[in-house]
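In case you want the letters, here they are:
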Amino acid sequence: MADRSLRGTGLGAKSFEDEAGVEFAPRREVGFDCPRAHHFELVFAEEAEIPSVWECPRCGAESLRSDGQRAEAKEEKAVRTHWDMLRERRSIPELEDLLAERLTLLRSGELSAATFARTSAPSTRAKKTA
Ligand SMILES: [Zn+2]
């Protein structure tokens, strides 16, 4: 829709200097209030990250968003990693026990022998057909 004004529109089309009918990129106004009750509004692009505080243009005090939105609330929704999920279920001493158990199996040959036999099977079969 917005690129309509950029296409050739032929002779007699309205002047591009006239802003009426020209669609701007989506944007929104966000209100801020400073501790001295100065209210001001700023225009941000729709996709921009809106800060939760802004310096008051009249007194320079730290102003908070009028809509009560705080950036911190968004940060709480941070993506949980596999490690985070694992840590919710297991404590560090438990994980150390598991690691020690696995290492013992690996060093004794039990674990590697089983894995090796399984992974090497297809290659030996491939040799036979060649
Ligand atoms: Zn102010």
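Shown above is the structure to which this text applies.
Quick caveat: nothing in here was measured; it's all calculated off a predicted structure.

S.K.: Please clarify how the environment of R28 should be interpreted in this entry.
M.R.: Looking at the element boundaries, R28 is found in strand β1 (residues 27-33). The exposure class assigned to R28 is partly exposed, which follows from its relative accessible area of 34%. The spacing of R28 and L42 is 14 residues in sequence and 8.3 Å in space, taken between C-alpha atoms.

S.K.: Is there a simple way to think about the nonpolar core in this case?
M.R.: Within soluble globular proteins, side chains that are nonpolar generally end up buried alongside one another. V30, F32, C34, F40, L42, F44, I50, C56 and A61 form the largest nonpolar core, which has nine residues in total. Secondary structure elements with two or more residues in this core: β1 and β2 (39-45). The element that contributes the greatest number of residues to this core is β2, accounting for three residues. When residues no more than four places from it in sequence are discounted, the contact partners of C56 are C34, H38, F40, A61 and S63.

S.K.: Teacher, can you tell me more about a nonpolar patch on the surface here?
M.R.: Taken together, the side chains of L99, L103 and L106 make up a nonpolar region of the molecular surface, amounting to roughly 250 Å² of accessible area. Looking at the secondary structure, you find L103 in helix α3 (residues 92-108). Assessed through its relative accessible area of 31%, L103 is described here as partly exposed.

S.K.: Looking at this structure, how should I read the pairing of β1?
M.R.: The side chains of a regular strand alternate between the sheet's two faces. In this sheet, β2 lies alongside β1 in antiparallel orientation, the contact comprising seven bridges. Bridge assignment links D33 to a residue of β2, and that residue is H39. From the end of β1 to the start of β2, which pair antiparallel, there are five residues, and A37 there has a positive phi angle of about 65°. Bridge count between β1 and strand β4 (residues 62-65): two bridges; the pairing is antiparallel.

S.K.: So what exactly am I meant to see when it comes to the packing of aromatic side chains here?
M.R.: The description of an aromatic ring pair uses the distance of the two centres, along with the angle that the planes make with each other. Enumeration over the complete set of coordinates arrives at three aromatic pairs. Ring geometry for F32 against W54: centres 6.2 Å apart, planes inclined by 45°, an arrangement best described as tilted. Placement of the pair is F32 in strand β1 and W54 in strand β3 (residues 53-55), with a sequence separation of 22 residues. Taking the relative accessible area as the measure of exposure, W54 reaches 36% and is therefore partly exposed. A ring pair is formed by F44 and W54, whose centres lie 5.7 Å apart and whose planes are at 80°; its orientation type is edge-to-face. One end of the pair, F44, is in strand β2; the other, W54, is in strand β3, with ten residues separating them in the sequence. The exposure class of F44 is buried, given its relative accessible area of 11%.

The rules behind these values
- Residue indices follow the written sequence of each chain, beginning from 1 at its first position.
- Selection of residues for local features in this predicted model requires a pLDDT of at least 70, selection of side-chain atom pairs for listing and counting requires 80 or more, and totals for whole chains, interfaces and linings are taken over all residues.
- Only heavy atoms go into the side-chain values, all of them from the structure, while hydrogens and water stay out.
- Helix and strand assignments follow DSSP, with helices taken as H or I runs no shorter than four residues and strands as E runs no shorter than two, numbered in order from the N terminus.
- Burial status follows relative accessibility: with a 1.4 Å probe on protein chains alone, a residue under 20% of its type maximum counts as buried, one over 50% as exposed, and anything between as partly exposed.
- Throughout, nonpolar core names a set of buried Ala, Val, Leu, Ile, Met, Phe, Trp, Tyr and Cys residues whose side chains join them through atoms within 4.5 Å.
- Here a residue-residue contact requires only that any non-hydrogen atoms of the pair lie within 4.5 Å.
- Note that patches include only residues with greater than 30% relative accessible area and no salt bridge, and the join distances are 9 Å for like charges and 5 Å for nonpolar side chains (Val, Leu, Ile, Met, Phe, Trp, Tyr).
- What sets the accessible areas is the Shrake-Rupley method with a 1.4 Å probe; for residues, cover comes only from the shown protein chains.
- Salt bridges are defined as contacts in which a side-chain nitrogen from Lys or Arg sits within 4 Å of a carboxyl oxygen from Asp or Glu.
- Note on pairing: two strands pair once DSSP finds at least 2 bridges between them.
- Any two of the Phe, Tyr and Trp rings considered here, Trp counted by its six-membered ring, make a pair once their centres fall within 6.5 Å; the pair's planes then place it as stacked at under 30 degrees, edge-to-face at over 60, or tilted in between.

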